[in-house]
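# Descriptive structure summary
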Amino acid sequence: MRQQRFEQENRPLWEDLRGWLDERATLGAEEVPSAYRRLCHHLSVARERHYSPALVERLQQLALRLHQRIYGERGEGVPAALRFLWGELPRQVRAEWRLVAVSSLLFFGPWIAAFLVVRAQPNLVHLMLSPEEAAKYVQMYDPKTPVAGATGATRDVMMFGFYILNNIGIDFQTFASGLLAGIGPLFFLPFNGLHGGTVMAHLTNQGLTATFYGFISGHSSFELMGAVLSGAGGLRMGFALMHPGRRSRLAALREGARQGSRLLFGAVALTFLAACFEGFWSANTLVPWKVKVGVGVLFWILLSSWFVLAGRRGE
Amino acid sequence: MQSVDTVRTIETPEGIELHLRPAGPVARFWAFFVDQAVVWMGLMFAGIALTFLGPLGLGLWFILVFLAQWLYPVFFEVLGGGRTLGKRWLNLRVLRTDGRPIGWGPSLIRNLLRIVDGLPGAYTVGLVSILLTRDFQRIGDIVAGTLVVHEEAGVQAPVLPAAEPLAPALALTLEEQSAILAFAERSAGLTASRSEELADVLGPLTGSRGAGGVKAVLGMARYLWGGR
């Protein structure tokens, strides 16, 4: 068959398919698959008969666009993300409890050690913090420090924005550097743990218990577990690279990154929640600090029971 | 005819082959450059506007910086059909290696791993990875299973130049017929002297040179296409 007749006979079908791609009502949903298969047949025929390159190229691009539309995933959307957080994430945390435990140990181990050491030997604070830094932390939590410039709601929004930028950025960094054979989390988690433990012990030594613990307790559960999960996600990826098991190294790495990024998504959600509390609740001075510590403990209990109990019905 | 090319072929369940053209480092650099320029200009203007809001504005600006730094490419790639503004400018598109559109997971992975590709500075790791892989993939692309392809702008059906249909004197192979059709389709974009130069190659077939040769080749194209 000459090309001209081939084009003439089949052009209506191609136009219909193109129209369907452009959201025009040329074809019903049930007609598309068979029309697409016929287009694929036309493409093969046009290639085999060496019709002109422009025609082959037009058919192949139409086929490519249809391939993407037909085999593309449906958008997952917000409901699916919430379902993931509610059920699947705790399931995955339980399934990978060893990894989460390692990540927790890397983070909380140095934290507790630094806290105990600096409590016992207050001068050792200078191993981690320069005198200026130490003084800055003391000043930050000193109740006598006037809140400079801004007060109330606008200051809360400013700090909220800063926590988002800084803390979620750290989560991303910890996760991504896990690709380097896990070195990123192996460094960032203990380092941040040492830093946190030292600051905590130093401020306790200075007698700033009320302001410091009143501030951090509310959001501590979400923020610290967020850090642990992002570390676990990074370790998942690095571990897959180092120990691929029965897959090829590349396939193992892809799967590890997929699983790790799910943990990271949980980490980001927790860190975001932490930033909300840190910005709009923790700095609140109207509530007595013991109440705030109580609320913080309550959040730890809720978060732990979510990790342990949520999503069991679908298991 | 086996040609040396960077085309990546994917086979679909319908048994046909689709061709993708992975984009090399230069096009991708310019796309990245445009993205960065847009993002930083946007942040600068937003920053100036937000200073009037004081600390509130600063807080909003921090959030904008966070979104621009980490999530701008992810949102644009997933919601914009695989194209950030820079990629749109350069007609590039991110796809999965099997030709399907990119989703949230792979997009997040490939964009976060820019940290690794950026080591030890100036995207050195990414560049080396692009140069070493067959499909020009940086580390983030390899791990996420994605690739950046050139998007051919929608090919218009070319109009064959009018000419008296002319049967070739010899039996032509399919490749030769296809080459003559390709010449006719492209002839509108060629200068007269270049057309003549190309048609002269077929001198033995057409038996004439110069403008007469071009006319004869276009006539054969018309005949092969099906004109009577």
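From a predicted model like this one, the values you see are computed outputs, not experimental measurements.

### A word on the overall build of chain A
- Counting secondary structure elements, chain A contains 12 helices and 0 strands.
- Traced from its N-terminal end to its C-terminal end, chain A shows the element sequence α-α-α-α-α-α-α-α-α-α-α-α.
- Taken over the C-alpha trace, chain A has a radius of gyration of 28 Å; the compact-globule value for 315 residues is 20 Å, which it surpasses by more than 25%.
- Reported as C-alpha extents along the three principal axes, the dimensions of chain A are approximately 90 × 45 × 45 Å.
- Going through the 315 residues of chain A one by one, you find that 41% of them count as buried.
- Here the analysis covers contacts within chain A between residues at least 6 apart in sequence; of these, 80% occur between residues at least 24 apart.

### Focus: helix α1 (residues 3-21) of chain A
- The principal kink in α1 of chain A, of about 50 degrees, is found at N10 of chain A, preceding the proline P12 of chain A by one to four residues.
- Within α1 of chain A the residues assigned to the buried category are Q3, L17 and W20 of chain A.
- In this structure, the buried side of α1 of chain A is in contact with α2 (32-48) and α3 (53-71) of chain A together with α11 (211-225) of chain B.
- Positive phi appears at E23 of chain A, one or two residues downstream of α1 of chain A, with a value of about 65 degrees.

### Quick word on the interface of chain A and chain B
- At the junction of the two partners, chain A supplies 50 residues and chain B supplies 46 residues.
- Listed by contribution, the elements that provide at least two residues to the side of chain A that touches chain B are α1, α2, α3, α8 (152-177) and α11 (249-282) of chain A.
- Looking at which element gives the most residues to the side of chain A that touches chain B, the answer is α8 of chain A, with 16 residues.
- Its residues placed into classes, the side of chain A that touches chain B shows 22 nonpolar, 17 polar and 11 charged.

### With respect to the domain arrangement of chain B
- Split by domain assignment, chain B resolves into domain 1 (8-150) and domain 2 (174-225).
- For domain 1 of chain B versus domain 2 of chain B, the separation of C-alpha centres amounts to 43 Å.

### Let's talk about the sheet that holds strand β1 (residues 8-11) of chain B
All names here are of chain B.
- The strand order across the open sheet built from 4 strands is β1-β2-β4-β3, with neighbouring strands paired in antiparallel fashion. The open sheet is flanked by β1 and β3 (92-96), the only strands paired with a single partner. Direction aside, neighbouring strands of the sheet carry axes that sit 50 degrees apart on average.
- Pairing geometry for β3 and strand β4 (residues 146-150), over 5 bridges, is antiparallel. When the bridges of β4 are listed, R93 appears paired with V149.

### Focus: the environment of S44 of chain A
All names here are of chain A.
- Here S44 is to be found in helix α2.
- Looking at S44, the number of C-beta atoms within 10 Å reads 16, which means it is partly exposed.
- Along the primary structure S44 and M128 are separated by 84 residues, whereas in three dimensions their C-alpha atoms are 68 Å apart.

### Some details on the nonpolar core
- Grouped together as the largest cluster of nonpolar side chains are 106 residues, with contacts concentrated most on L39, A63, I164 and V228 of chain A together with L113 and V143 of chain B.
- Top element by residues in this core is helix α10 (residues 209-242) of chain A. It accounts for 15 residues.
- L113 of chain B has contacts with A176 and L179 of chain A together with I139, G140 and V143 of chain B, leaving out every residue within four places of it along the chain.
- Formed by 15 residues, the second largest nonpolar core is a distinct cluster that contains A184, V214, A216 and V217 of chain B.

### Some remarks on the confidence of the model for chain B
- For chain B, mean pLDDT is 86; residues scoring 70 or higher make up 96% of the total.
- In the model output, the complex is listed with pTM 0.84 alongside ipTM 0.85.

### What about the pairing of β3 of chain B?
- Most of β3 of chain B is tucked away: 5 of the 5 residues are buried.
- Side-chain alternation along β3 of chain B places L92, V94 and R96 of chain B on one buried face and R93 and L95 of chain B on a second face that is also buried.

### Some remarks on α2 of chain A
Residue and element names in this part refer to chain A.
- In this model α2 runs 24 Å from its N-terminal to its C-terminal C-alpha over 17 residues, within 8% of the 24 Å that 1.5 Å per residue would give.
- The complete set of buried residues in α2 reads Y36, L39, C40, H42, L43 and A46. Down the axis of α2, the smallest arc covering the buried residues is 160 degrees, so these residues share one side. The outward face of α2, more than 90 degrees from its buried face, is lined by the exposed residues P33, S34 and E48.
- Turning to α2, the residues buried within the fold contact α1 and α3.
- In the segment just after α2, H50 is the residue with positive phi, at about 55 degrees.

Conventions adopted
Residues numbered from 1 in each chain as written. Chains lettered and ligands numbered in written order. Predicted model: local features only at pLDDT ≥ 70, side-chain atom pairs only at ≥ 80, totals over all residues. Helix = DSSP H or I, 4+ residues; strand = E, 2+ residues; numbered from the N terminus. Rg over C-alpha atoms; globule rule 2.2 N^0.38 Å. Buried ≥ 20, exposed ≤ 12 C-beta atoms within 10 Å, placed from the backbone. Contact = placed C-beta atoms within 7 Å. Bend = angle between axes of the 7 residues up to and from the residue. Nonpolar A, V, L, I, M, F, W, Y, C, P; charged D, E, K, R; others polar. Domains from an automatic or database assignment. Pairing = 2+ DSSP bridges. Axes fitted to C-alpha atoms, helices over the stretch in contact; angles between N-to-C directions. Core = buried A, V, L, I, M, F, W, Y, C linked by C-beta atoms within 7 Å. pLDDT = per-residue confidence, 0-100. Expected span 1.5 Å × (residues − 1). Arc of directions from axis to C-beta.

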